[in-house]
Amino acid sequence: MFNSQAKFGSTESANLSVTEKMIVCIAVVGHQNNPLYIQSFTEADDALKLHHIVHCSLDVVDERVNNPKKSGPMLNETFLGLLYPTENYKVYGYLTNTKVKFILVTTDLDVRDADVRNFFRRFHSAYLDAVSNPFHVPGKKITSKTFAERVSTIVKSFSFNTTG
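Counting restarts for each chain: residues are numbered from 1 in the order of the written sequence. Local features in this predicted model are restricted to residues whose pLDDT is 70 or higher, and side-chain atom pairs enter the listing and the counts only when it is 80 or higher, whereas totals over whole chains, interfaces and linings include all residues. Excluded from the side-chain calculation are hydrogens and water; included are all heavy atoms of the structure.

Caption draft 1: Broad picture of the overall build of the chain. Helix numbering and strand numbering both begin at the N terminus, where a helix is a DSSP run of H or I of at least 4 residues and a strand a DSSP run of E of at least 2. Counting its secondary structure elements, the chain contains 6 helices and 5 strands. Secondary structure elements of the chain occur, N-terminal to C-terminal, as α-α-β-β-α-α-β-β-β-α-α. By the burial criterion, 41% of the 164 residues in the chain qualify as buried. In this analysis, two residues are considered to be in contact whenever any of their non-hydrogen atoms come within 4.5 Å of each other. Long-range contacts, defined here as pairs at least 24 residues apart, represent 55% of the contacts in the chain between residues at least 6 apart. If you sum the accessible surface of the chain, you get close to 9500 Å²; carbon and sulfur atoms cover 52% of it. Buried, partly exposed and exposed residues are distinguished by accessible area as a fraction of the type maximum, computed with a 1.4 Å probe on protein chains only: under 20%, between the cut-offs, and over 50%, respectively. Residue exposure ignores everything except the shown protein chains as possible cover, and the areas themselves are Shrake-Rupley values with a 1.4 Å probe.

Structure representation (structure tokens):
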């Protein structure tokens with residue numbers, strides 16, 4: 001788990017800037033809306049709420065994919081952009097060519113789309129490496145420890161780049 005106090009000291013202002021701009025959850029959802037990987041980077045109390053947010057975002061993804069004229073992005077676009085904001089979070093989406101969905105939940109209310117696109121590119125690369133493993137069964141949950149470590153590294157680097 002990501003511990004902001006260990007990395008940034010114990011002052012209130014340092015902790016506030018980190019928690020305002022950090023990824024709290026990342027999910028991979030299969031083409032049949034089955035969860036393949038969900039990782040939350042907060043306390044256990046928030047995990048259920050974050051899973052609910054991810055689940056609710058699937059309706060928005062389906063709406064954007066099925067009604068491209070209303071939603072704005074072109075049909076070829078894999079980055080779905082901001083799916084919806086909540087009071088404390090912003091939810092972003094990404095759709096692969098195989099209809100696998102990546103959902104990102106962040107507490108950063110001022111995150112730039114370019115940063116989120118860069119995150120999804122790096123995450124997609126890690127995902128491709130994980131599912132290209134000959135021991136991975138397509139459509140099943142991703143249990144690779146290497147994938148989990150790469151995701152943690154990507155999340156931490158994204159959180160560090162957006163602080164300040």
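Caption draft 2: Looking closely at the sheet that holds strand S3 (residues 79–85). Between any two strands, at least two bridges found by DSSP are needed for them to pair. Spatially, the 5 strands line up as an open sheet ordered S2-S1-S5-S4-S3, and their pairing is antiparallel. Across the chains shown, the open sheet's two edge strands, defined by having one partner strand only, are strand S2 (35–40) and S3. Shown here is a sheet whose adjacent strand axes are inclined to one another by a mean of 15°, direction ignored. Simply put, an axis is a line fit to the C-alpha atoms, just over the touching stretch for a helix, and the angle between two N-to-C directions goes from 0 to 180 degrees. Each of strand S1 (23–29), S2, S3, strand S4 (90–95) and strand S5 (101–106) is contacted by helix H5 (residues 113–131), which is oriented at about 130° to S5, the strand it contacts most.

Caption draft 3: Spatial organisation of the environment of Phe79. Residue placement: Phe79 occurs in strand S3. Assessed through its relative accessible area of 5%, Phe79 is described here as buried. In sequence terms Phe79 and Thr96 are 17 residues apart; their C-alpha atoms lie 8.7 Å from each other. Contact partners of Phe79, with chain neighbours within four places excluded, come to Tyr92, Gly93, Tyr94, Asp113, Val116, Arg117 and Phe120.

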